[in-house]
Amino acid sequence: MYTEKQPPRAESPSAAGTPGAASDTTQLRRVALSSLLGTVLEYYDFLLYSTMAALVFGRLFFPSSNSAASTIAAFGTLAAGYAARPVGGVLFGHFGDRLGRKSMLIVTMLMMGGASFVIGLLPDYGSIGVLAPILLVALRLVQGIAIGGEWGGAALMVIEHADTERRGKWAGIMQLGSPIGFLLSTVVVMAVSMLPDESLYSWGWRLPFLLSGVLVAVGLYVRLGVVESPVFRNAMAQAEAEPKPTTPLVQLLRNPRPLVLACAAGIGPFALTALATSHIIAYATDIGYDKSEVMRALVAMSVLSLIGIPLFSALSDRLGRRAVTMAGAIGAVLFALPLYAMVNTGSALWLTVGLLIAQVVQNLMYAPLAPLLAEMFGTEMRYTGVSLGYQMASLIGAGFAPLIASGLLAAAGGSSLPLSAIIVVTALTTATAVRRIAETRGRDLTADFGSG
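Treat the numbers as computed from the prediction; the structure is a model and nothing was measured.

Focus: the nonpolar core
Alright, step 1. Counting residues in each nonpolar core, the largest one holds 125 residues, and the members touching the most others are Phe57 and Trp205.
Alright, step 2. In terms of residue count, helix α1 (residues 25-61) provides more of this core than any other element does, 18 residues in total.

What about helix α15 (residues 291-319)?
Alright, step 1. When the terminal C-alpha atoms of α15 are compared, their 40 Å separation across 29 residues agrees well with the 42 Å that a helix rising 1.5 Å per residue should span.
Alright, step 2. Residue serine 305 marks the point of greatest curvature in α15, where the axis turns by about 35 degrees.
Alright, step 3. Remark: glycine 320 follows α15 within two positions and exhibits a positive phi of approximately 105 degrees.

Notes on empty space enclosed by the protein
Alright, step 1. The full count for this structure, using the stated rule, is three cavities of 30 Å³ or more.
Alright, step 2. Along the wall of the largest cavity there are 26 residues; nearest its centre are Tyr43, Leu47, Ser178, Thr273 and Thr277.
Alright, step 3. Breaking the lining of the largest cavity down by element, the ones donating at least two residues are α1, α2 (67-98), α7 (177-193), α13 (257-276), α15 and α17 (348-366).
Alright, step 4. Looking at the lining of the largest cavity residue by residue, the classes come out as 14 nonpolar, ten polar and two charged.

Quick word on the packing of aromatic side chains
Alright, step 1. The full count for this structure, using the stated rule, is six aromatic pairs.
Alright, step 2. With centroids separated by 6.0 Å and ring planes inclined at 75 degrees, the aromatic side chains of tryptophan 205 and phenylalanine 209 adopt a geometry described as edge-to-face. An identical accessibility class is assigned to tryptophan 205 and phenylalanine 209; each is buried.
Alright, step 3. Measuring from ring centre to ring centre gives 5.7 Å for tyrosine 283 and tyrosine 340, while their planes differ by 90 degrees; the resulting arrangement is edge-to-face. Highlighted residues: tyrosine 283 in helix α14 (residues 278-286) and tyrosine 340 in helix α16 (residues 321-343), separated in sequence by 57 residues. Taken as a pair, tyrosine 283 and tyrosine 340 share a single burial class, namely buried.
Alright, step 4. Of note, arginine 140 hangs over the ring of tyrosine 49, and the distance from its end group to the ring centre comes to 3.9 Å.

Cut-off values and rules
- Residues numbered from 1 in each chain as written.
- Predicted model: local features only at pLDDT ≥ 70, side-chain atom pairs only at ≥ 80, totals over all residues.
- Heavy atoms only, no water.
- Core = buried A, V, L, I, M, F, W, Y, C linked by side-chain atoms within 4.5 Å.
- Buried < 20%, exposed > 50% of the residue type's maximum accessible area, 1.4 Å probe, protein only.
- Helix = DSSP H or I, 4+ residues; strand = E, 2+ residues; numbered from the N terminus.
- Expected span 1.5 Å × (residues − 1).
- Bend = angle between axes of the 7 residues up to and from the residue.
- 1 Å grid on protein atoms, 1.4 Å probe; cavity = no way out; pocket = protein on both sides within 12 Å on 5 of 7 lines; lining within 4 Å.
- Points joined across faces, edges and corners; volume = space filled by probe spheres on them.
- Nonpolar A, V, L, I, M, F, W, Y, C, P; charged D, E, K, R; others polar.
- Phe/Tyr/Trp six-rings, centres within 6.5 Å; stacked < 30°, edge-to-face > 60°.
- Lys NZ or Arg CZ within 6 Å of the ring centre and 35° of its normal.

Next comes the structure, spelled out in structure tokens:
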């Protein structure tokens, strides 16, 4: 059990003495809405790309006589975006810990939406040759860097404004951006996928990316009206009297154990998300499902998450972060084989049921992640620690999962056993990490407890 640096806990349910407890309710709601919109944009942009990688990017940007090779190449650009996310976590985390959360979140929103909008304007391989995939990868890297700083800052703005006993509840609202963004991207993709193939591949695929411009405008309008985190303001006032000579990243690396555990805790939910969303499109259509059947199942998953994420996040306020996450990890291990057994039946009904159950166990692992990670790090390095831990988990769990799954699937002659094995291994990684993290619920975020 990881217990060597137990941070102080709040003295009362109201978290007396914690600046976040005194935040105006109206401002807290605006902060939650701002973070929600940023997370919606984040997941809309990233999941839109992963869906298009499965549907059209192989043909448009990586043409090959072998469709499997084209799909693997397209998923390779997906991994490139994930590889850039830890870089963004370090970059925006550093300045977010030194200059403030709010300013960094304005930059990340502009970068995310701007890159997605420009992708919608890109000429394809047939028009400009090899320059097309190069530009696509470059924009994907910009997206990844921006998203590397978005989630951590959005989570901290909510959690550092909220009172101690309801951090999970408010974080759950912010994390609704995941299913809303996914639902929005799925619905938009479903709409354009109904176009004739000629229209889809020529101009239809561009429309969902161009929609990002609208999301950015709405998000910035709300985000510009929020105030800086009170916990951060308090920490900066103290830092003026006791300046810290080292950077947040150096402080983290001096005691890397919390960072490693934070990363490991997120690998399971990210891997399951990657396999049950972006990869399932390519897998299910390859074994005979119609694209529309798969997309309808994905919409149902998103709707279910609108209930599951806030429910399980709030439940972690009562039962603890560890208990809820562990329940999801165990569920993922037990359901890994039945999931693909259901998918392999060829029945749209069983496909949907299997993916819905998978989404429940994913929500159990994912929902408590924001408060869990935020409560593991001190204020002076919290943005860096949360962002880097989360994005490293995203890179390992989701960034390479579709690529590895596609390769293993081809090597195994189409057998789904390697896919189930990926779920088991990554869920066990999450379970092992959670067992070694001391319960964080109720910790006083204003206490100076270093990197642990």
